[in-house]
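Examination of the molecular architecture
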Amino acid sequence: MERVFGKVRNLDVYPKVNEDFYSRTLSGGVITLLSSLAIVLLIISEFSLYLRTVTETKLVVDTSRGERFRINFNVTFPDVPCTLLSVDATDISGERHMDIRHDILKERIDAYGNVKEVRRDGIGAPEIGRPLQKHGGRLEHNEEYCGTCFGAEMSDDQCCNSCEDVREAYRKKGWNLSDDLIDQCKRENFVQKLKEEKGEGCNLHGSLEVNKVAGNFHIAIGKSLQNPGTLPLELMAYVQSYNITHSINNLSFGDHIPGIVNPLDGVRWVQEKPNGIYQYFIKVVPTKYTDIKGHSVKSNQFSVTEHYKSPEEDHFQSSAGVYFFYDFSPIQVTFMEKHTPFLHFLTHVCAIVGGMFTVAGIVDAFVIRQFGEIVHHFEFVCVRSASSSTISKSWETDCLKLGLDFDYMRFARHQMLSTVPSSGRPTDSAADVTYANMLDYFATNPGPIDDSVLYDQDKHVSAAVWEGQERGALRCHEHTSKLDRWLLNDKQIELVKKAGFGYLRLIPAISLDNPLISALVERWRKETNTFHMTVGEMTVTLEDVAYLLGLRIDGNPVIGVTYTTCDSVCIKYLGKVPESGYTSGGMVKLSWLKEVFSECPENASIEDIERHTRAYLLYLVGSTIFSTTTGNKVPVMYLPLFENFDVTGKYAWGAAALAFLYRALGNASLRSQSTISGCLTLLQCWSYYHLNVGRPKLHHDPIHECFPFVLRWKGKHSGPTSNRDVAFYRKALDSLKPSDVDWCPYANISHTVIPESILNQLILGRSKTMLICFDKAERHLPDRCLRQFNLPQTVPKEVRKWERKTRGVDGGVDLSGKMDLELSEWANRHVNIMGAEEDFDEVDYMQWFSRITRQIVGRPIPISSEFQKMNSALRDIAHLADTISTHGMDEKQLHSLTRIRYIAHERLRDYAGRSAQVVATSECDVGKIIRGKERIRGSVAANKRRRKDEPEEYYSADMHAPHSRFYSSVGDAPDQSQFYQLGNELDQDHLCKNNVDEARDYNATDDLEDSEYPHGVDEDDISHGSEENPCEAHLRVDILNHSHSSLHSNEDVKRENEYTIIA
């Protein structure tokens, strides 16, 4: 037993020291007292916290449906009588409540705020005996009352028993109404009440029960039964102008929750101008509060922005009043009261005691060393800190909605999860496995299965890429690098801001990633004006333009008169005429604008300053948002829009820039194009924000954002881009996963840096409308990419086909008279705001999307492999036909066998010739493209170091080799595996090889014109090569066919099939 106790004693980690070896000091005693007092205080504080309840906050998705909620309000109008005020409510479900009276009280108040009367409207009205009947007479004894509608009856049996009924009937007819002539109104003494309440105010308080959907309620002047914005004629004498000065005493949504502050409580607004409407835009956040006893209360919190709309801005002539527009957040906040568990309290107490003793020991040791006290006895302090950390391994699993069948989606997801390591993040091998599965699935059918949406697939560049016709990186035209060479004075900068380009002038000179832009263009479909990604459709929206460029997206359409000459318009708006060498039709060179107007004289007149500013604005839009494929010219048709800078600031330049970019993307997506224009900085920065493909690493802290958001990518970046060509980005987009997409990248950026004028226009980001930039009209379809607005994506409606016309080729044509339909659609932009739909299923959307889209652009299996498989199959057929025994065959069977042999060898010969032609064509294309790029590089930057061309490896060795003879017969032929080596050795990498570094470093400059690259060579050039053209292939295929007219024996058959092929 003693041995057991001894072993337990050896486990003691707190060895005891004899008290004779302790040395107690005065400083130690003081520190002990102080630390003990601190421990007691901290334990008392911790105990008080333990007795209290704590509120736990969580964010969850709001899954409630079909609910109703209550709006509580208390609003005071000091200058509007109660009789004129009515409360109306409506929502997006179509439910409307006009002139609501139930649960709402009106308090008449005098000029000093004293309450004179509290009533529900319509209660306590005086009655007049014997009312007027429908038949014209007065109400008789025992006769049931049915009042006349004074000619506004909708049916014979309709009765108007009150003044309100008569007004409703007149409103439906669209007629105006005079209350003095209406018997019911006389009885109700409506006009008299208004006279009595002249000079009074009104306080409205109560509640509304409405559907839990987006909608609005408003307190408007004038009964809702009148025509909108009008009052009866006799009332105009009492109300000359509407003064909607108001105080919001209380506004809440739902029941009261402890601790919630309503931001509009106590808000007062004083109207400075007569009439108009005041709008509050409210974002309601569903909130659930559970107390310590388990009782739950469902309510709402909200945030709000406000806006005053003057009568001049109110195009729809809404009734004057206060409007509350509310919408709901899909996220619900839950508050739950809880008690701190006792074990947590005990843990905290232990931490307090142990921590204080540890700190006290450190302080005591410091004091002893500081004052040099001599310790005569051994002082042993054992301080042991135990720490344990629990590593929480969690990862977010993305469901790879690649648009495949559901079984394949589950299989791809299983493949991804099976390769996820213990670190919790998918590795490159996991992505490779999933991508390999995709390639196998789409090896034969890249889509679309249903061509009702992508009806121009044959003209698209993806069709050419699938056929092996690589066009390389597009030439990109943009000239932001020279904007800083303009020296603007303070007056010019003020005019630029007034014109609405104060943020566009800050656009940075970002190095364009041509291969990335080219890969994005391969995903662009002009049928829908969206990028068709593997995860769904995406696009550059009006919201992106507002965030990234800071341009106005609401206002007048950018449209006007076209010009075919520059002299008249330049002399009128610029005061100077460019020389003939600087113009081309209705376009002027950017270099002339920079040379003549880049610096305004110090003592220039106001007129000269405005002319220099107009020249700068023309250069600014011509080098950024309206850059053309000419590379160095800008149309002068924009100049008249810069005549009055105040009017210029009212144009929707952001919408015009997006229309121009849409048209440029649509043109560049055609297989015959090799250039792209438009605001490519906008496109590239949009890709950086939304896609984790080619995104560079920032050298600055992105937390401190500045507006516009395109400035985030200003300056130098880091990241491997030297080996990234179009094929690299194409494969990255083909294997794009949901985790690589940021649908709402601006959500986490503080909106305090965004101007209020831009914030008020962001709602148009969800507008389904027509974008206009002179003759360019493009559809804006946000319903196809609702996830970019944090809304669930549903199957969008079918896009109507529209013809993109090029109008106004003649000078002096006012395009506004030729685009009535497009202008009408733009005028209704505020009506067609897209919202969320109920009963959606995103899996249904992805299954629909997989049928109408083209899933991948790059061919998973190279064309060379296709040739190899076909040649191998044909060789096997030919070999079987040559070696099969003909013993016992009749003449018909022998003839069929001969035909099989002939067809097999004929196809082999065709494939050999076709393969050689592909090699020759590819060689010629690559050579000419490289020589063309060398000429461009020489003209643009002759002082730059020329890159040494890497030697291209082609399969010309096989074509220039001495003629070899192969035999198809069994006895004389060598091994069949040697047949048609030319076709077997073809490889797609060599067929489609491009100089990637040259394409990346090259951007079009001011003096560069479009140049065309040939995409093929003539068949005669392939057959008759020469030393003068090194890309011509020397290929000759001769077929020696030894045949006889009749077949009588096996020897005859063998001789019949001795085909000699010389390649």
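Quick notes on the rules
What you see as residue numbers is a count from 1 along each chain, following the sequence as written. Given that the model is predicted, a residue must reach a pLDDT of at least 70 before its local features are reported, and side-chain atom pairs must reach 80 or more before they are shown or counted; all residues, however, enter totals for whole chains, interfaces and linings. Where side-chain values are given, they derive from all heavy atoms of the structure, hydrogens and water being excluded. Every helix listed is a DSSP run of H or I at least four residues long, and every strand listed is a run of E at least two residues long, numbered separately from the N terminus. The classification of residues rests on relative accessible area computed with a 1.4 Å probe and restricted to protein chains. Under 20% of the type maximum is buried, over 50% is exposed, and intermediate values are partly exposed. Contacts are residue-level and defined by heavy atoms, with any inter-residue pair within 4.5 Å sufficient. The method behind every accessible area is Shrake-Rupley, applied with a 1.4 Å probe, and residues are considered shielded solely by the protein chains displayed. Within this scheme, the nonpolar core is defined by two criteria: the residues are buried Ala, Val, Leu, Ile, Met, Phe, Trp, Tyr or Cys, and they are joined through side-chain atoms within 4.5 Å. One requirement defines pairing of two strands: DSSP has to find at least two bridges between them. Where helices are involved, their axes are fitted lines through C-alpha atoms of the stretch in contact, as for all axes, and angles between N-to-C directions lie from 0 to 180°. In this scheme, roughly parallel covers angles under 35 degrees and roughly antiparallel covers those over 145, while 65 to 115 is roughly perpendicular and the rest are oblique. Crossings are classed by handedness, with left-handed meaning an anticlockwise turn of the near helix from the far one by less than a right angle and right-handed meaning a clockwise turn. For this classification, Asp, Glu, Lys and Arg are treated as charged, while Ala, Val, Leu, Ile, Met, Phe, Trp, Tyr, Cys and Pro are nonpolar and the rest, including Gly, are polar. Two cysteine sulfur atoms form a disulfide, by the criterion used here, when they sit within 2.5 Å. In this analysis, rings of Phe, Tyr and Trp, with Trp reduced to its six-membered ring, are considered paired at centre separations within 6.5 Å, and the interplanar angle assigns stacked below 30 degrees, edge-to-face beyond 60, and tilted for intermediate values. For this analysis, a polar contact is any N or O atom pair within 3.5 Å, provided that within protein one partner can donate a hydrogen and the other can accept it, and provided that sequence-adjacent residues contribute only side-chain to side-chain pairs. A residue counts toward a patch only above 30% relative accessible area and without a salt bridge, and it is joined to like-charged neighbours within 9 Å or, for Val, Leu, Ile, Met, Phe, Trp and Tyr, to nonpolar neighbours within 5 Å. One speaks of a salt bridge when a side-chain nitrogen belonging to Lys or Arg is within 4 Å of a carboxyl oxygen belonging to Asp or Glu. A helix's residues, less one, multiplied by 1.5 Å, set its expected span.

This paragraph deals with the overall build of the chain. Broken down by element type, the chain carries 30 helices and 27 strands. Here the chain holds 1063 residues, and the buried ones make up 47% of them. Contacts in the chain between residues at least 24 apart in sequence constitute 76% of all its contacts with a sequence separation of at least 6. For the chain, the exposed surface amounts to about 54700 Å²; the carbon and sulfur share of it is 52%.

With that out of the way, let us pick up the nonpolar core. Grouped together as the largest cluster of nonpolar side chains are 114 residues, with contacts concentrated most on F501, L593, I625, Y638 and L691. It is helix 17 (residues 653–668) that provides the largest number of residues to this core, a total of 11 residues. Residue contacts for F501: discarding those within four places in its chain leaves V496, L551, L617, L620, V621, I625, F642, T648 and W653. Listed in part, the 37 residues of the second largest apolar core include V75, C202, L204 and F253.

Now for the sheet that holds strand 6 (residues 115–119). In space, the six strands of this open sheet follow the order 6-5-7-2-9-10, with antiparallel pairing throughout. Among the strands making up the open sheet, the edge pair consists of strand 6 and strand 10 (267–269). The average undirected angle you get between the axes of adjacent strands in this sheet is 20 degrees. When strand 5 (residues 104–109) meets strand 6, the two strands line up antiparallel, connected through four bridges. Bridge assignment links E107 to a residue of strand 6, and that residue is V118.

On to the packing of helix 14 (residues 590–597) against helix 15 (residues 606–623), then. Two elements in contact, helix 14 and helix 15, have axes whose closest approach is 10 Å; the angle formed by their N-to-C orientations is 150 degrees. By the angle class used here, helix 14 and helix 15 are roughly antiparallel. For the pair helix 14 and helix 15, the sense of crossing is left-handed. Two secondary-structure elements touch here, helix 14 through L590, L593, K594, V596 and F597 and helix 15 through R611, H612, A615, L618, Y619, G622 and S623. Here the contact of helix 14 with helix 15 is composed, by residue class, of seven nonpolar, three polar and two charged.

Applying the stated criterion to the full structure yields three disulfides. Across the disulfide from C82 sits C202; the S-S distance is 2.1 Å. Around the S-S axis, the bridge from C82 to C202 shows a dihedral of about 105 degrees and counts as right-handed. One end of the pair, C82, is in the loop between strand 2 (68–77) and strand 3 (85–91); the other, C202, is in strand 7 (residues 201–211), and 120 residues separate them in sequence. For C82, a relative accessible area of 0% translates into the label buried. Assessed through its relative accessible area of 0%, C202 is described here as buried. Between the sulfur atoms of C149 and its disulfide partner C160 the distance amounts to 1.8 Å.

Attention shifts here to the packing of aromatic side chains. Pairs of aromatic rings are described using the distance from one ring centre to the other and the angle between the two planes. Evaluated as defined, the whole model comprises 46 aromatic pairs. Plain terms: the ring middles of F642 and W653 are 5.6 Å apart, the flat faces sit at 35 degrees to each other, and that makes the pair tilted. Taken together, the residues F642 in the loop between strand 21 (633–635) and helix 16 (645–648) and W653 in helix 17 connect sequence positions 11 residues apart. As far as the burial class goes, F642 and W653 line up, both buried.

This part covers the side chain of H218. Along the chain, H218 falls in strand 8 (residues 215–221). At 3.2 Å, the side chain of H218 and the side chain of N216 are in polar contact. Residues in contact with H218, not counting those within four places in the same chain, are S86, V87, D88, V322 and Y323.

Quick look at the pairing of strand 23 (residues 769–773) now. Walk down a regular strand and you will see the side chains alternate between the two sheet faces. Across the five residues that make up strand 23, a large majority, five, are buried. Where strand 23 lies against strand 24 (residues 776–780), five bridges are found, and the strand directions are antiparallel. Each bridged residue has a counterpart across the sheet, and for C773 the counterpart in strand 24 is K776. Where strand 23 folds back on strand 24, the antiparallel hairpin that results is connected by two residues, among which F774 adopts a positive phi of roughly 55 degrees.

Right, let's talk about a nonpolar patch on the surface for a bit. On the surface, M1, V4, F5 and V8 cluster together into a nonpolar patch covering about 440 Å² of accessible area. Checked against the element boundaries, F5 lands in helix 1 (residues 2–10).

The subject of this paragraph is the sheet that holds strand 16 (residues 524–525). Pairing in this open sheet of three strands is antiparallel, and the strands run 16-17-18 from one edge to the other. A strand with exactly one partner marks an edge of an open sheet, and here the two such strands are strand 16 and strand 18 (536–538). Of the strands in this sheet, strand 16 and strand 17 (530–533) touch helix 11 (residues 514–523), which is tilted by about 90 degrees from strand 17.

Spanning 18 residues, helix 15 covers 26 Å between terminal C-alpha atoms, matching the ideal 26 Å at 1.5 Å per step. Helix 15 sits mainly inside the fold: 14 of its 18 residues count as buried.

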